[in-house]
Amino acid sequence: MKKLWSNLAEELVPYQPGEQTTNENIIKLNTNENPFPPSEHVINAIKTCNLESLSLYPDHDVTELKKELSNYHNVEKHNIFVGNGSDEILAFSWQAFWNPEDVIAFPEITYNFYKVYCDLYRVKSEMIPLTADFKINTAAILNDVKGIIFPNPNAPTGRFLPIIEIEEILKKHTNKVVIIDEAYIDFGGVSCIELINRYDNLLVIRTFSKSRSLAGLRIGYAVGDHHLIQALNTIRYSFNPYSVDYVGMKAAIASIQDDQTFRSNCQAIVEIRRATIQKLESLGCHVIPSMTNFILFSHPVLNGSIIYEKLKHKNILVRHFDTPKIQNYLRVSIGSETQMNAFISSLTELI
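Analysis parameters
- Residues numbered from 1 in each chain as written.
- Predicted model: local features only at pLDDT ≥ 70, side-chain atom pairs only at ≥ 80, totals over all residues.
- Heavy atoms only, no water.
- Helix = DSSP H or I, 4+ residues; strand = E, 2+ residues; numbered from the N terminus.
- Rg over C-alpha atoms; globule rule 2.2 N^0.38 Å.
- Contact = heavy atoms within 4.5 Å.
- Areas by Shrake-Rupley, 256 points an atom, 1.4 Å probe, with all protein chains shown as cover.
- Buried < 20%, exposed > 50% of the residue type's maximum accessible area, 1.4 Å probe, protein only.
- Pairing = 2+ DSSP bridges.
- 1 Å grid on protein atoms, 1.4 Å probe; cavity = no way out; pocket = protein on both sides within 12 Å on 5 of 7 lines; lining within 4 Å.
- Points joined across faces, edges and corners; volume = space filled by probe spheres on them.
- Nonpolar A, V, L, I, M, F, W, Y, C, P; charged D, E, K, R; others polar.
- Core = buried A, V, L, I, M, F, W, Y, C linked by side-chain atoms within 4.5 Å.
- Axes fitted to C-alpha atoms, helices over the stretch in contact; angles between N-to-C directions.
- Phe/Tyr/Trp six-rings, centres within 6.5 Å; stacked < 30°, edge-to-face > 60°.
- Lys NZ or Arg CZ within 6 Å of the ring centre and 35° of its normal.
- Right-handed = clockwise from strand over helix to strand, strands pointing away.

Asker: Hey, could you go over the overall build of the protein for me, with residue numbers and the actual values?
Answerer: If you tally the helices and strands in the protein, you get 11 helices and 13 strands. The globule rule puts the C-alpha radius of gyration for 351 residues at 20 Å, and the 21 Å found for the protein is close to it. Projected onto its principal axes, the C-alpha positions of the protein cover 55 × 55 × 50 Å. Counted over contacts in the protein with a minimum sequence separation of 6, partners at least 24 positions apart contribute 71%. Accessible surface computed for the protein: about 16,500 Å², of which carbon and sulfur atoms make up 50%.

Take a look at the structure:
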């Protein structure tokens, strides 16, 4: 067949999501989804949506949701950007803040999409090394990079960087955009949103997918200086001003309003995580300290890929990364108590 696609489409190595399945007998612990369903308040908000209005475009400014987020985080509405999941906001950030051939820094082990976006938008990357215990070595960030981005807590390691260290980065690199991806911040870390009024180069990106059980509706948002938000809006309105749908907006608003269920679910996940870490350690596993809804662990004898395959044979999906330094590790999402007990039981049999 005659080639009808671009060199870019041919050269790109796309992001590989965790394995999906329609088998209801599978215990799915590989994509960091929330084991708890959305709250009744959220479900009722969806059920009571004015479905006749679906014939109309949604509010392109996402006004109601911005108002809720503004009150929740105690920031101005012009400091908030809402998008179709945090991944869309990340993609917009690459276009808004960096030019082709610019060099940006992110950790050598981190969210795989960062490398994909660099390839897609022709931005170069400089790896920030991790220490022997998988902490981000912030002192190794080069001065001549054009931007810095990393998740906090980092993924897939689960390690959290204290705000004081993030503030040192912001002070040292005042002339470049620093993006903190807080997809997992609600599971034990402290957000650095409070720093946006002091540092105009800080952008914090959040998602409703993990802690708020809304991965299926694709809602994310960013908080930062209004000039950064304006740049994101320019990209959005040049791409798709209606990327946030009506139902998703209503569900997100209801989620913010039901803060009690949100906090209760997060605390439950933290407790299940703590119990799971104890059980893994009792089995002789090496566990990286986690402030997320997942755990990265290894076994001193059994290879990570072998454990992955054997667990899969037992209908339990976890995540294995064929990546230097962590190829012997597995990432397991925190599921319900029943799911994690089944995971530990199967792992115990293997070991």
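Asker: So what's going on with the pairing of strand β8 (residues 220-224)? Which residues, and what values?
Answerer: In regular strands, side chains alternate between the two faces of the sheet. Taken across its five residues, β8 has five buried, putting it largely inside the fold. Neither face of β8 is exposed, since G220, A222 and G224 on one face and Y221 and V223 on the opposite face are all buried. Inspection of the sheet shows strand β2 (residues 80-83) paired to β8 by four bridges, in the antiparallel sense. Looking across to β8, one finds that V82 is bridged to Y221. Relative to β8, strand β7 (residues 202-207) runs antiparallel, the two sharing five bridges. Bridged to L203 within β8 is G224.

Asker: Which residues make up empty space enclosed by the protein, and what values go with them?
Answerer: This model, assessed by the stated rule, comprises two cavities of 30 Å³ or more. The volume enclosed by the largest cavity comes to roughly 90 Å³. As for the largest cavity, its lining consists of P37, P38, S39, V42, S211, R212, S213, S255, D258, T261, F262 and N265. In terms of residue class, the lining of the largest cavity is built from four nonpolar, six polar and two charged. Here the second largest cavity is characterised by a volume of approximately 40 Å³. Lining the second largest cavity, in full, are Y72, H73, D186, R206, T207, S211, R212, Y221 and F262. Here the residues of the lining of the second largest cavity sort into three nonpolar, three polar and three charged.

Asker: Can you explain the nonpolar core? Please cite residues and give values.
Answerer: Soluble, globular proteins show a tendency: their nonpolar side chains are buried together. Among the nonpolar cores identified, the biggest contains 49 residues, and L65, I148, L202 and F208 are the most heavily contacted of them. Beyond its immediate sequence surroundings of up to four residues, I148 is in contact with W98, A105, I128, I141, I169, H173, K176, V177, V178 and I179. Among the nonpolar cores identified, the runner-up in size contains 30 residues, and I272, F297, I316 and V318 belong to it.

Asker: Give me the lowdown on the sheet that holds β7, citing residues and values where you can.
Answerer: Overall, mixed pairing links the seven strands, which are arranged β2-β8-β7-β6-β5-β3-β4 in an open sheet. Each edge of the open sheet is held by one strand with a lone partner, namely β2 and β4 (124-128). Averaged over all adjacent pairs, the angle separating strand axes in this sheet is 20°, with direction ignored. Where strand β3 (residues 103-107) lies against β4, five bridges are found, and the strand directions are parallel.

Asker: Outline the packing of aromatic side chains, listing residues and values.
Answerer: If you walk through the whole model with that rule in mind, you get 18 aromatic pairs. Between the aromatic rings of Y111 and Y114, the centroid separation amounts to 5.6 Å while the plane-to-plane angle is 80°, which identifies the pairing as edge-to-face. The pair formed by Y111 and Y114 is uniform in burial state, with each residue classed as buried. Where F297 meets F343, the ring centres are 6.0 Å apart and the plane angle is 70°; that geometry is what we call edge-to-face. On the criterion of sequence distance, the pair formed by F297 in strand β10 (residues 294-298) and F343 in helix α11 (residues 337-350) is long-range, its members being 46 residues apart. Clustering of aromatic rings is evident, with ring pairs tying together Y15, W94, F97, W98, F106, Y111, F113, Y114, Y117 and Y121. Against the face of Y72 rests R212, its NZ or CZ located 5.3 Å from the ring centre. One Lys or Arg, R331, reaches over the ring of F294 and ends 5.6 Å from the middle of that ring.

Asker: How would you explain the pairing of strand β6 (residues 177-181) if you had to name every residue and give the values?
Answerer: By the criterion of burial, β6 is predominantly enclosed, with five of the five residues buried. Neither face of β6 is left uncovered, since the one carrying V177, I179 and D181 and the one carrying V178 and I180 both have all their residues buried. Across five bridges, strand β5 (residues 147-151) lies against β6 in parallel orientation. Its bridge partner being in β6, G147 is matched across the sheet by V177. In this view, the connection linking β5 to its parallel neighbour β6 by way of helix α6 (residues 163-172) has right-handed handedness. Strand direction decides the pairing type here: β6 and β7, joined by four bridges, are parallel. Note that in β7 the partner of D181 across the bridge is I205.

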